[in-house]
Structure formats: C-alpha cells, structure tokens
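# Architecture and fold: a report
Residues per chain, in single letters:
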Amino acid sequence: MGATLSARVELASQAHAAAAAENGADTGEATVADSLAKTSIEAHELLRELAELVDTIAARHPAEARAEFRRPLQWTSTSLRPAHFAAATTVDPASSVAATQQTNAGGLWNVGLAGPKVSRPSVSSVATRADGMPLFQLDQMSTVGAAVGTDGPPFVARVSSFEYLAKVLQIANGMKMRELQDILAANPSPVAAIFGVSGKNTGTVLMDAFDALNAETDPKRRDAKGRLYKLLERSLDMIKITRELQMLKSFCGRDQKCALLNIDWESAYTFTNGVKAPPWRQVYDELGYLEVHCPDCDKFLVTASKSGYFVNKGYTTDEKGGEKLNYNRASEAFSTLVDLIKTRSQHFAERIDKQDYLYQPENRGDTRTTAPMIGTVEVARDSLSDQGSDEDRERDLDVPGTARAKDARQSNDTSMDEEVQDKRQENNELPAEYYQIQKLVKYLRIGNQTATIIAICSLRDFDLTSEPNQLAIRDVGGLDTIVNLLNTDDPKCKIGALKILKDISHNVQIRSAISDLDGMQPLVELLKDSDDLIKCLAAETIAHCAKNARNRRAVRRNGGIRKLVRLLKIKPDSKDESVVVSGALALAACSKSARNKEAIQAAGSIPLLASLLESRNEALLIPVVGILQECASEESYRAAIRTSGMIRFLVENLSSSNELLQAHCASAIFKCAEDDETRVLVRKFDGLGPLVNLLDSTGNKELLVAATGAVWKCAQNTENVAALNKINTIKKLIGLLDNQPEDVLVNVVGALGACAQT
C-alpha cells in the first residue's frame, strides 16, 4: 500500500518480465491468455488498478487528462494495429466523415492502412502536442530485423496524455491488460516520463517530479500538471486501501465463523483530494483512519498511511472532558491490514490461517468510489463514525436508512435524527456564483487580516442558504479555514466566520463536514466569550450542527452542555434575552441525545427552565418547551417538571396562537401524563378543554399526534374521563378514525379504549 506509483508499476513490470522469462522457450506458441495466466495475481491486481485509474482520470478529470506528458510513453505494441482504429472510428455515429475514408476517420485519428500508396501502415491522432507532434502515434517499424514467422514488423506506440491513453486502451478492448503490460515493460517509471525527470531512483521520482513542476515557467502548463501530480500521488494509495477494506468486509458478521465483527472508515467524509485524513495530517502522509472490531479484543483505530498501516492511540480525554483522536503510533507499521489485525486478534489470525471463515461478499458494499471520485465528497454518515459507547451509539444514530442503522432504529431517538441528504448537483449545473465563491475563499488563506475580513464580507453578500454556494465553500477547502478563524483574537473575524457557519450549517453535508473537522470544540469555547453577539452566533450555529448526532456528542464531551445552561441564567425580558433564546435553541437540539438529557439536568437546568416559562416571548418559549418535551421521556425529568410547577405553564400555553408552541406543550403533557399525579394536575389547571380543542387541528399532523396522545394519557384517570365526556370528546375521537396517519390512529384508539373502561 505504501508504494508510490512508480514502485507499483515497477512491481507489475517485474512480474510481467518474470512471467515472460518463465515462458521464454514457448513465446512463439504461447497465446495472450497463456501469458496473462502466468502473470502473478498481485500483478493482475495492480494492472486492474492502473486501468481503473486511467479510466477515472479521463472520465472525471478531463482537464488533468488533457495535460501533456513531458515525454511520451513509448512501447512496442503486440496487439494494436491500424485496422483496429479504422474499425473503431468508422462505426462512430457522431462521425462526420464517410465510413470508407481511411484518414481522419471519426475526426480523432489519421489512419493509414497498407496499400499501393502506403508502404507502412500507421495511426496518428488529429490532436497534437504544443510542439506539433501527435498526442498518439502508432508506426510500423522497419522490416529489417523482423522475426521469421511473425505477422510482420512490430508496431511502436507513443502517447502523450491520459486522455488519449484511455482512448487507446478502450480500442484495445479485451487486449487492454496485455497492452498495459507492454506499456509497463517499456516504461518502468511512467511518472518520470510524464513529468520529464530521470526516473533512475524510483524512491525519489515524485520528489523529482515536484521539483520539475516548480521549475515550469508556463503558468497554464504548471497548473494542469500540478493537478495531475496531486491526482497521481494519492489515487493508487486510496484504491489499494479501499480494495483491502472491501475484502475484509466480506469476513465481517456476528457468526462465530466470521473473522471480524466489523471494519469501516472511522469517518465517511472524503476531502476534495480524495483522502479521508484531515489536511493537517495529510502532511504526515496519512490517508485515513479505520475502526476495527474483532470478536476477541476491544475496538481499535488504525491509521492508513503511505508507509503502511499502524494502530494509533485512539480517542483520549483531555482536561476539559472532551475526547480527541491521538494520532501517535501505538504499534509498528505493517504493509497490509491483514498482517496488522493478525497481531491484535488471535481469532482473526486462526480463521485466516486455517481458511476456516464465513465469506459474505454482500457485506462489501460500494466503497470503490472513495478513491477514484477525487474532487467529490461523499457524506454517508454511519454508526461506526460515532466514538461513544455502544449505548450512546444506539441512542444517537445519525442517519436512518444505512445498513448498520437497521437494528438501532428501535431507539426512541432515531426518528428525530439527521435527515437524508439530497443528491448534489452535477458540476455542469452549478451556477456561476459557485466558482466566484471558491475564488473568494482562497483569499481567506492569505493570512492578512484585512484581506480576510474583506473576503468574509464579500462571502456574506452571496446567498449562503443556497446549497451550491454552501458546497462551494466546502469543496475548495474553505470550511476548515473558517473553523480555524474561530480561534483568532480578532472579534471581527470571529463574528464574520460565525455568521457564515450559521448560514451554511443548515446543510446536512456541511454539518457532517464540521463534525469531521472537530468544529464543535471552538464553538463551545466561544460560549464563554465576553461579546454577547459572539455567544449568540456560536449557540445558534451549535443549534444547527446538533442535528448531527456526532456533533451532539462533541458538544457534551467538550463541556458545552454546562456552558449552554449558563446562558439561561439571564433574566427574561431583559436586553440580553437574545442570548437566552440562542442558548435554549442549542439545548433543544442537543436534547435529542439520551446522554445529553442527563447532562442538561445535571447542569442545574430545571429551575432555570421553570423561570423562563414565565416569559411572554414566544421565540424563547418555543425552544424552552422544546427542551422539556424532549426530556420528558425520562422519568427523572417528569418528576422535576411536576414538582417545579411547570404543568400550569404548559397548560396555559395550549391556548397560544402559535401552533409549534401548542405542539410542544401538548407533547410535553403527553409524556408527563404517564404519571397519574400529572393527569390530576392537568385537570386541576383546566387543561382538558384546550387539549380537546386541539383535536380540531387536522391540518397539522404534528400537533394532532401530540394532542391525541395527551388526551389518551389523561383519559387513564377516571375523574378525567368524566370531565372529557362532558365536552363531547368521544365524538371528536371517533371522527379522527378515518384518513389519519398511524401515529394519530394509535393515540385515538388508546384514548377510546381508556374512556370505555370507565
């Protein structure tokens, strides 16, 4: 895995040469299939990876594919002939040239077939290099020295870009692998030819290529080759890791014969260069992190780097109680993931060595796009990206619909978790603002304070609630820069960065990306800033980000719950009430986690929430009651709500003109009325009438579910049933038995059943 591109193709070349040497006596009779069959399995895998890489670069990175090689790749082709190009071009339906023409067929190739006027057949591309030479040439060598019994003099091919290399391999079709073998045999270090370096030392060829790039004087050529360099540098490493990961996933499961319980990426986020490690770790040649779970040992994290795999020290707790990944090594480096896991798990080693394991290829999943789809980001968050306990993982699962989420959907928190992400627009549909924003983000990295502030102000002029504009900031790597600005001493930079984050964090993909950047830590720190505006913006951004389960956990682990509760201490209706509203919004979002509920209560929130219910500000009451209705699922909260006198305020706000506030109040009563004492209090404070009135809200399903549930629970008290019968409740309930969602029907039937028992 740690080999460079040059080292890999050299390995494939050596394997090919060894196979050829082994068949030396039979080369005249051996077929192509025989030759390929004698090539090592590892060389086959490398050739297949190289073929996929060429196709990926040509299909997904056309600008890089068109970059000219400094020196053409030249090889003696044993399979390609001019007739193949003539046949390929004449069937092209888009061709504007007659099928009988032998030159310039299809507009791509100049094909010269053998005939009276053509002594030696040849092919050349219509497109040319900067020096006027064709980007591809196929010429027959002189007849002098041609071997007896062969098909004639061999053909020499030369190609000068990945675009035309992909076209040539496509024409080769079934002979593609053999053609690649010929290319590698003649070019042991293709990177050296591509970037115009010597290639004598394969260990330093990429460094030499980098130096050659810096010496390039043409800006356009330097830019194109620079992108190609970055593409080649990482692509094969990520492909290799992904393939081994796919293979190991086939051995995962709960069966005793499965070699592993589970293995997957620690994070599903992929940076724009195709690497999963954050930029500040990529400088150490790290590519990503894998979470491995074996039956006979604790879970551990593995770092995948260019030099191999090694176990890192995992997540550690700092002095503030937050958890951070310790990237330091905890083991020696191994060339394969299998070798590493063998040293950690005796069960895995025995199963693999004895070949006594359960193979489940359906577990592999489609992870092959991780490396080739460079320039895109896939945010398919899963339960394995969470770093809490198993209980925490079940309660805080972030994405409904993934395979690993299937069993955990029974958790009562799951239904409220992250929405399913929308498909991203294709690049050709992106608006012009997308590219303008990318240019502005680059100015944020200059480091000059004035330029940074100007860039932030300019970014704010765009519509940052638009998804393409949000993704433009992320795709150019600006998200980590904006998060880093939160640690600056300049309040203007902090405020500008917070305003941008607050707007773009409405996007599900941005929220996941912020989690991968550990963005909650600086946001939590800003909650104790002396500037009220900074505290408000930080809390509102946390409120958006906390829709992601990993961000909710990060808030708790960084001590954010206690800091948010402190924001509630400001007296209601004061000039600082905006801070209270922001803090309540953040706590309402964080309260979807069971562990966060415990932390909110432990921070002393109950008396503060009770006092805030006296406010007449609906903007404050909605998140405050939202916290109560989320937390009322816990018995300790129900008792605290009842004993602190909050039921009266919940009943009073059932008559509010705001339907969202009504829904929160009804939902809180629904959950609190599990206890008979609360049912009595609802009747005592004249809450049954307003609840029954809410049964007429058939246009608001969320409100109707909460109201019918509250009526059901209150009807489990005999005296309440008598009061409900006086206000014609049963008739209204019967009217809701038609054309209603399942949640409403369950509550209605339960209420009717409770009324029938009296």
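Here the structure is shown first, and the text comes after it.
Since the structure is predicted, the reported quantities are computational estimates derived from the model, not experimental observations.

## A closer look at the overall build of the chain
Summing up its helical and strand segments, the chain has 37 helices and 10 strands in all. Of all 758 residues assigned to the chain, the portion counted as buried reaches 54%. Partitioning the intrachain contacts of the chain with sequence separation of at least 6 by distance along the chain shows that 67% fall at a separation of at least 24. About 33,600 Å² of surface is accessible on the chain, with carbon and sulfur atoms providing 49% of the total.

## Structural notes on the packing of helix α34 (residues 701-714) against helix α37 (residues 742-756)
Between α34 and α37, whose axes approach to 8 Å, the crossing angle comes to 20°. Comparing the axis directions of α34 and α37 gives the class roughly parallel. When you trace α34 past α37, the crossing you get is left-handed. Residues L704, V705, T708, G709, V711 and W712 of α34 pack against D743, V744, N747, V748, G750, A751 and A754 of α37.

## Some details on helix α6 (residues 162-172)
Note on helix geometry: an α-helix contains 3.6 residues per turn, so any two residues three or four positions apart are oriented the same way. The element α6 is extensively covered by neighbouring structure, given that eight of its 11 residues are classed as buried. If you check which residues of α6 are buried, you get F162, Y164, L165, A166, V168, L169, I171 and A172. Positive phi appears at N173, one or two residues downstream of α6, with a value of about 55°.

## Here we look at helix α17 (residues 467-475)
Across the nine residues that make up α17, a large majority, eight, are buried. Those residues of α17 not exposed but buried are P468, N469, Q470, L471, A472, I473, R474 and D475. On its buried side, α17 packs onto α15 (432-443), α18 (478-485), α19 (491-504) and α20 (508-516).

## Describing the sheet that holds strand β6 (residues 262-265)
The strand order across the open sheet built from five strands is β6-β7-β8-β9-β10, with neighbouring strands paired in antiparallel fashion. This sheet does not close on itself; its edge strands, each paired only once, are β6 and β10 (323-329). Direction aside, neighbouring strands of the sheet carry axes that sit 30° apart on average. For strand β7 (residues 286-293) and strand β8 (residues 300-305), the ladder comprises six bridges, and the chain directions are antiparallel. In the sheet register, E286 faces β8, and the bridge partner there is S305.

## Side note on the side chain of K494
Note on placement: K494 falls in helix α19. Residues in contact with K494, not counting those within four places in the same chain, are L485, L486, T488, D489, L526, D529 and I534.

## Re the packing of aromatic side chains
Centre distance and the angle of the planes are the two values used to describe a pair of aromatic rings. Within the structure shown, the criterion is met by six aromatic pairs. Centroid distance F85 to W109: 5.0 Å. Interplanar angle 75°. Geometry classified as edge-to-face. Of this pair, F85 sits in helix α5 (residues 82-90) while W109 sits in strand β2 (residues 109-112); the two residues are 24 residues apart in sequence, bridging distant segments of the chain. W109 gets classed as buried once you look at its relative accessible area, which sits at 2%. With 5.5 Å between their ring centres and 85° between their planes, W109 and Y164 make a pair best called edge-to-face. Placement of the pair is W109 in strand β2 and Y164 in helix α6, with a sequence separation of 55 residues.

## With respect to the sheet that holds strand β5 (residues 155-159)
Taken together, the five strands give an open sheet; going across it, the order is β1-β5-β4-β3-β2, and neighbouring strands pair in antiparallel fashion. On the outer flanks of this sheet lie β1 (73-77) and β2, each paired with one strand and no other. When the angles between neighbouring strand axes are averaged without regard to direction, this sheet yields 15°. In this structure, β2 lies alongside strand β3 (residues 122-125), joined through four bridges in antiparallel fashion. Directly across from G112, in β3, lies its bridge partner S122. Its contacts with the sheet put α6 on β2, β3, β4 (136-140) and β5, and the angle it makes with β2 is roughly 45°.

## Observations regarding unusual backbone geometry
Positioned with a positive phi, D518 is a non-glycine residue whose angle comes to about 55°. Summarising the element assignment, D518 is placed in the loop between α20 and α21 (520-525). Here D518 falls in the partly exposed class, since its relative accessible area comes to 30%. Positive phi is not limited to glycine here, since D686 has a value of about 60°. Tracing the backbone shows D686 in the loop between α32 (676-684) and α33 (688-693).

About the criteria used
- Residues numbered from 1 in each chain as written.
- Predicted model: local features only at pLDDT ≥ 70, side-chain atom pairs only at ≥ 80, totals over all residues.
- Heavy atoms only, no water.
- Helix = DSSP H or I, 4+ residues; strand = E, 2+ residues; numbered from the N terminus.
- Buried < 20%, exposed > 50% of the residue type's maximum accessible area, 1.4 Å probe, protein only.
- Contact = heavy atoms within 4.5 Å.
- Areas by Shrake-Rupley, 256 points an atom, 1.4 Å probe, with all protein chains shown as cover.
- Axes fitted to C-alpha atoms, helices over the stretch in contact; angles between N-to-C directions.
- Parallel < 35°, antiparallel > 145°, perpendicular 65-115°, else oblique.
- Left-handed = near helix turned anticlockwise from the far one by under 90°.
- Pairing = 2+ DSSP bridges.
- Phe/Tyr/Trp six-rings, centres within 6.5 Å; stacked < 30°, edge-to-face > 60°.

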